[in-house]
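Analysis of the macromolecular model
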Amino acid sequence: MENRDDKKTSRKTVLTIAGSDSSGGAGIQADLKTMTALGVYGMSAITALTAQNTTGVAGIFETDPAFVGLQLDSVFTDIFPDAVKIGMVSGKETIRVIAQKLREYQARNVVLDPVMVSTSGSRLLAEDAMGMLAGELLPLSAVLTPNIPEAEILAEMKIENEAQMEEAGEKISKRYGGAVLVKGGHQISTANDVLYRDGEWIWFRGSRVDNPNTHGTGCTLSSAIACGLAEGKSVEESVKCAKEYLTGALTSGLDLGKGSGPLDHCFKIRPLT
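Let me begin by describing the structure that accompanies this report. (Residues numbered from 1 in each chain as written. Predicted model: local features only at pLDDT ≥ 70, side-chain atom pairs only at ≥ 80, totals over all residues. Heavy atoms only, no water.)

A word on the sheet that holds strand β8 (residues 193–197). The strand order across the open sheet formed by 9 strands is β3-β2-β1-β4-β5-β6-β7-β8-β9, and the pairing between neighbours is mixed. Edge positions in the sheet fall to β3 (56–62) and β9 (200–204), since each of these pairs with one other strand and no more. As paired strands, strand β5 (residues 110–112) and strand β6 (residues 143–144) are joined by 2 bridges and run parallel to one another. Note on β6: the bridge partner recorded for Val-111 is Val-143. (Pairing = 2+ DSSP bridges. Helix = DSSP H or I, 4+ residues; strand = E, 2+ residues; numbered from the N terminus.)

This is how it looks when you write it as structure tokens:
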């Protein structure tokens, strides 16, 4: 008689803590697609519902902080994640609960994408929540992935060139700990990112993909980094693999929606015929 245990398989697990994007291009939906495409098992704790599409955010409905905590309890007490990705966390109390749960369960390999403003310009972090984010969540992160505007806020400086990207990354790392990946594609006309870690800078050079559809790039990159860490890759290797995946998702050329459309997260997965 066949032993059912012989059929059991294991897979690395990643938890995303973020908001839901009704258009499917960013947030929880982008994270779970990325995790599936990269071969890990994705789980989620939803911090907010957003009514949005490729042209902008029409509304945000925050999840009750206690319920966010209940979602985290449910995940950590059953399928403990090998890595955690944090995206949109807009309110003070939600941030407080998340930080408490991460400490309680001693979460590992936390990648935080400090989402403050959407690509379309909508504010996604409450004005009074910045202090809580800086004091509670940022110090718990193994990797921070700010874009240029976010890095300017966290480092309290203007960034207009690569030398200033390096300076900002070092400042943020020394202030909050962990590795910092400053993403240069937002305002500097390249796809070059710099990682500051343990006193050194590592540049990841890339060619800018001629594709206006970039909705969800930050969510996708940070999720892909978390996938690499979950599988035991170093921070540097995780960033390298994540950038390669992001480039592939952009190069695929998916074109949906009337604004900045989503990436092709599943560009390697062919539809059934």
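What the second largest pocket holds in volume is close to 190 Å³. Taken together, Leu-38, Ala-224, Cys-227, Gly-228, Glu-231, Lys-233, Cys-241, Ala-242, Glu-244, Tyr-245, Phe-267 and Lys-268 form the lining of the second largest pocket. Only α7 (217–230) and α8 (235–251) provide two or more residues apiece to the lining of the second largest pocket. Here the lining of the second largest pocket is composed, by residue class, of 7 nonpolar, 1 polar and 4 charged. (1 Å grid on protein atoms, 1.4 Å probe; cavity = no way out; pocket = protein on both sides within 12 Å on 5 of 7 lines; lining within 4 Å. Points joined across faces, edges and corners; volume = space filled by probe spheres on them. Nonpolar A, V, L, I, M, F, W, Y, C, P; charged D, E, K, R; others polar.)

Take the nonpolar core next. Counting residues in each nonpolar core, the largest one holds 39 residues, and the members touching the most others are Leu-15, Ile-17, Ile-86, Ile-98 and Leu-137. Leave out the neighbours within four places in its chain, and Leu-15 touches Met-35, Met-43, Ser-44, Ala-45, Leu-72, Val-75, Phe-76, Pro-81, Ala-83, Val-84 and Lys-85. Residues Met-35, Ala-83, Leu-181 and Phe-204 belong to the second largest nonpolar core, which totals 25 residues. (Core = buried A, V, L, I, M, F, W, Y, C linked by side-chain atoms within 4.5 Å. Buried < 20%, exposed > 50% of the residue type's maximum accessible area, 1.4 Å probe, protein only. Contact = heavy atoms within 4.5 Å.)

In this structure, Ala-134 sits in helix α4 (residues 130–137). Sequence separation of Ala-134 and Asp-64 is 70 residues, and the distance between their C-alpha atoms is 21 Å. Leave out the neighbours within four places in its chain, and Ala-134 touches Pro-139 and Tyr-176.

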